[in-house]
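Spelled out, the chains give:
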Amino acid sequence: MLDCVRRGAVCDLGAQQPSVFTPDNLVRAEFLRFVCLGGDDQTPVHEHGVLLQGIYIEGDLDLFGAIAPRNISLTHCKLAGQLILTDCELQTLVLSGSSIRALKGDRCQLGGSLKLDEGFLAEEDVRLAGARIAGDLTCRGGEFQSSDRALVIAKARIDGDCLLDGGFFADGTVDLSGCTIVGTLSCVEGRFTCRDQALFGPRLSVGHNIQLGAGCQVAGQVSFQGSTIGGDMIFTGGEFNRSDDPEKAVETTCINLRGATIAGTLFWRQITHANGKLDLAGASCLTINMDWESWQLPSQIRLDNFSYKGFNQLDETTSTRFWINWIERQPERHLTRNFRPKPYQQLADVLQSMGHEQEAIGIRVERKRRQAEYARKHEKRSGTLISHGFRILTSIWNRVQDLTVGYGYRPGNAVLYLLAISAIGAIIYQAAAIHGIMAPTHPLIYKEAIWEEKAGPIEAPEIPASCQRNWVYPGGKNGDLCTRTMPSEYSTFNALIYSIDIALPVVDFRMQSDWSPRVVDWKSGRHDWPGWWVRVWEWIQIGLGWTFSLLFVSALGGIIRRD
């Protein structure tokens, strides 16, 4: 070993980690410390550093507060005790394929990378809280068996990447709280197992992407609350909070991104399991890339104050119903007794900016409906009679707005209603005309009525009885005569035009002023009940016409809508 250290060569005692020590593979930890710290004049250490493989190290390797000037590589070695790096200064440290009892490295500083990969095994916790690593922290394929806090990198700074992927396994919590990673955090094909916080990273800062997809398996909670991600947040293909007790898992939070800031895209696709809640409250991202199958996996999704600017890879079949279902994945209380309008407004604004105008209108209308329901059922008011009456009137008014103009977002609905009541009225007035109910109203009709003899003078006798029986469709032998008694400048009755004239308050075709349903029988002078009911419908139609017209004008002018 000393010869290899002097020459900068690898002291290779085998490619496999020794399970027991022998006189040929045993190195005392105290002597290894002496070499790692640079040796002395009789035992110089080459610039390449200490390069050992297949060594059995007896005791604790204690570098507390020490300064090691050379790289240290202990590959496929077995350290029977602890590796203590607290407050020490190192260059690159490689423990690939090695096993240790524990690693205590709080506040240590590494001028290069730290490799705990390729079969590395820690029987107890590995602590790097407050550490400074100028290169990468590579734990690819490493195994951390502590059932409490398996890997602690809290408040550490890693100037490269943090790689917890490629077969990484942690039986306890991986603590990244307050950590700064300048590069990427990769957990692809990593396994994280913990009853509570499996991957704990509040206030984490990552310069590029966080990758928790493509085979990442987490049994427990993932928490990046208040974290800052400079790239994308990728969950695609991941498995989160898979539990043997699904009913209990539903009540927990599987992903906590509350207050996190994602500079890129939030990917939520091809998720295999996501038992529990997805918390996006107060988070922000540039865009969302998701599929519906993955979106419906969490038991509920918190969206209050979640902001984003668009969606990627949307299915072409998305509709208003799709987006209503999308946003109603929120907790039930946020849709009813503790209604949160902000997620609806956020979604509507994004859809409108993307050109989905009708879907945006549908979401805004749904928000108004939810608000009206909240005001009717859950809003607190005084118990006075006036307050109760005001609540009823408000509820009625909201219902009218919803059915007629979609709370001001769909003014065209009022036009459709006007056309509908005009069509219904035309049918009623046409039937009334056929049965002789419609009669002229102008007195000149009776004054100027004439009787034309075949070859005699024009006289003005009384109107024939057949004309008074039915002015529009007189029939009989005097039908043509009744028609000729009407002045030529007088409007000929038309049921559709009459109905439109009744329904539209701002339109005057003179049909309403020239004709009216008669409510008194022309012969007996008694009430004509069919005519009376036609007159009642006329009043109803006038009221509906004014109502729909005013709602249309109000909605078109933005008087009703107030965002």
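Above: the structure in question.
All figures in this text were calculated on a predicted structure; none of them were measured in a lab. (Residues numbered from 1 in each chain as written. Predicted model: local features only at pLDDT ≥ 70, side-chain atom pairs only at ≥ 80, totals over all residues. Heavy atoms only, no water.)

**Student:** What is the right way to look at the overall build of the chain in this model?
**Tutor:** The helix and strand inventory of the chain stands at 16 helices and 45 strands. Counting every position in the chain, which comprises 563 residues, the buried fraction comes to 50%. Counted over contacts in the chain with a minimum sequence separation of 6, partners at least 24 positions apart contribute 52%. Carbon and sulfur atoms provide 52% of the accessible area of the chain, an area that totals close to 26,600 Å². (Helix = DSSP H or I, 4+ residues; strand = E, 2+ residues; numbered from the N terminus. Buried < 20%, exposed > 50% of the residue type's maximum accessible area, 1.4 Å probe, protein only. Contact = heavy atoms within 4.5 Å. Areas by Shrake-Rupley, 256 points an atom, 1.4 Å probe, with all protein chains shown as cover.)

**Student:** It is not clear to me how the packing of helix H10 (residues 412-434) against helix H16 (residues 529-556) should be interpreted in this structure. Could you clarify?
**Tutor:** How two helices sit against one another is set out by the angle between their axes and by the gap between those axes. Between H10 and H16, whose axes approach to 10 Å, the crossing angle comes to 165 degrees. Considering their axes alone, H10 and H16 lie roughly antiparallel with respect to each other. By crossing handedness, the relation of H10 to H16 is classed as left-handed. Residues Ala 414, Val 415, Tyr 417, Leu 418, Ile 421, Ser 422, Ile 424, Gly 425, Ile 428, Tyr 429 and Ala 432 of H10 touch H16, and the partners they reach there are Val 534, Trp 537, Glu 538, Gln 541, Leu 544, Gly 545, Phe 548, Ser 549 and Phe 552. Residue composition of the contact of H10 with H16, grouped by class: 14 nonpolar, 5 polar and 1 charged. (Axes fitted to C-alpha atoms, helices over the stretch in contact; angles between N-to-C directions. Parallel < 35°, antiparallel > 145°, perpendicular 65-115°, else oblique. Left-handed = near helix turned anticlockwise from the far one by under 90°. Nonpolar A, V, L, I, M, F, W, Y, C, P; charged D, E, K, R; others polar.)

**Student:** Just checking my understanding: could you explain the environment of Leu 335 for this structure?
**Tutor:** Inspection of the secondary structure puts Leu 335 in helix H6 (residues 332-335). Sequence-distant contacts of Leu 335, defined by excluding residues within four places in its chain, comprise Ile 327, Glu 328, Gln 330, Tyr 344 and Arg 370.

**Student:** What is the right way to read the packing of H10 against helix H14 (residues 495-503) from this model?
**Tutor:** Running from N to C, H10 and H14 cross one another at 130 degrees; their axes reach a closest spacing of 8 Å. Between H10 and H14, the crossing angle belongs to the class labelled oblique. Where H10 crosses over H14, the two elements pack in a sense that is right-handed. Along the contact surface, H10 presents Leu 418, Ile 421, Ser 422, Gly 425, Ala 426, Tyr 429 and Gln 430, while H14 presents Ala 495, Leu 496, Tyr 498, Ser 499, Ile 500, Ile 502 and Ala 503. Here the contact of H10 with H14 is built from residues that sort into 10 nonpolar, 4 polar and no charged.

**Student:** Explanation requested: the sheet that holds strand E9 (residues 89-90) in the structure shown.
**Tutor:** Sheets are built from strands that pair by backbone hydrogen bonding, the pairs being arranged parallel or antiparallel. A sheet is described by the order of its strands in space; here 8 strands give the open sequence E9-E13-E17-E21-E25-E28-E31-E35, paired in parallel fashion. Both outer strands of the open sheet, E9 and strand E35 (261-262), are each paired with one neighbouring strand and no more. Bridge count for strand E25 (residues 180-181) against strand E28 (residues 205-206) is 2 bridges, and the pairing is parallel. In the sheet register, Ile 181 faces E28, and the bridge partner there is Val 206. (Pairing = 2+ DSSP bridges.)

**Student:** Sorry, what's going on with unusual backbone geometry here?
**Tutor:** Among all residues save glycine, negative phi is the norm, and among peptide bonds the norm is trans. Positioned with a positive phi, Arg 107 is a non-glycine residue whose angle comes to about 65 degrees. For Arg 107, the position within the fold is in the loop between strand E12 (102-104) and strand E13 (109-110). Judged by its relative accessible area of 43%, Arg 107 is partly exposed. Positive phi values are uncommon outside glycine, yet Gln 270 reaches one of about 50 degrees. You can see Gln 270 is positioned in the loop between strand E36 (265-268) and strand E37 (273-274). Residue class for Gln 270 comes out exposed when judged on its relative accessible area of 56%.

**Student:** For this particular structure, what's the right way to read the pattern of salt bridges?
**Tutor:** Any two side chains of opposite charge can pair, given that their charged atoms come close. Inspection of every chain in the model, using the stated rule, returns 18 salt bridges. Across the pair Asp 60 and Arg 101 runs a salt bridge, and its minimum N-O distance is 3.8 Å. A residue pair is termed long-range when its members are at least 10 positions apart, and Asp 60 in the loop between strand E4 (56-58) and strand E5 (61-62) and Arg 101 in the loop between strand E11 (99-100) and E12 qualify at 41 residues. Linked by salt bridges that have partners in common, Glu 328, Glu 366, Arg 369 and Arg 370 make up one network. (Salt bridge = Lys/Arg side-chain N within 4 Å of Asp/Glu carboxyl O.)

**Student:** Quick question: what am I supposed to make of a nonpolar patch on the surface here?
**Tutor:** On the surface, a nonpolar cluster with roughly 290 Å² of combined accessible area is contributed by Ile 392, Leu 393 and Ile 396. By the secondary structure assignment, Ile 392 is in helix H9 (residues 385-405). Residue classification places Ile 392 among the partly exposed residues on the basis of a relative accessible area of 41%. (Patch = residues over 30% accessible without salt bridge, like charges linked within 9 Å, V, L, I, M, F, W, Y side chains within 5 Å.)

**Student:** I'm lost on the nonpolar core in this one. Help?
**Tutor:** Proteins that are soluble and globular tend to have nonpolar side chains buried together. Counting 108 residues, the largest nonpolar core has Phe 144, Leu 185, Leu 212 and Trp 326 as the members making the most contacts within it. Those residues in contact with Trp 326, other than ones at most four positions away along the chain, are Ile 288, Met 290, Trp 292, Trp 295, Leu 303, Tyr 308, Phe 311 and Leu 347. (Core = buried A, V, L, I, M, F, W, Y, C linked by side-chain atoms within 4.5 Å.)

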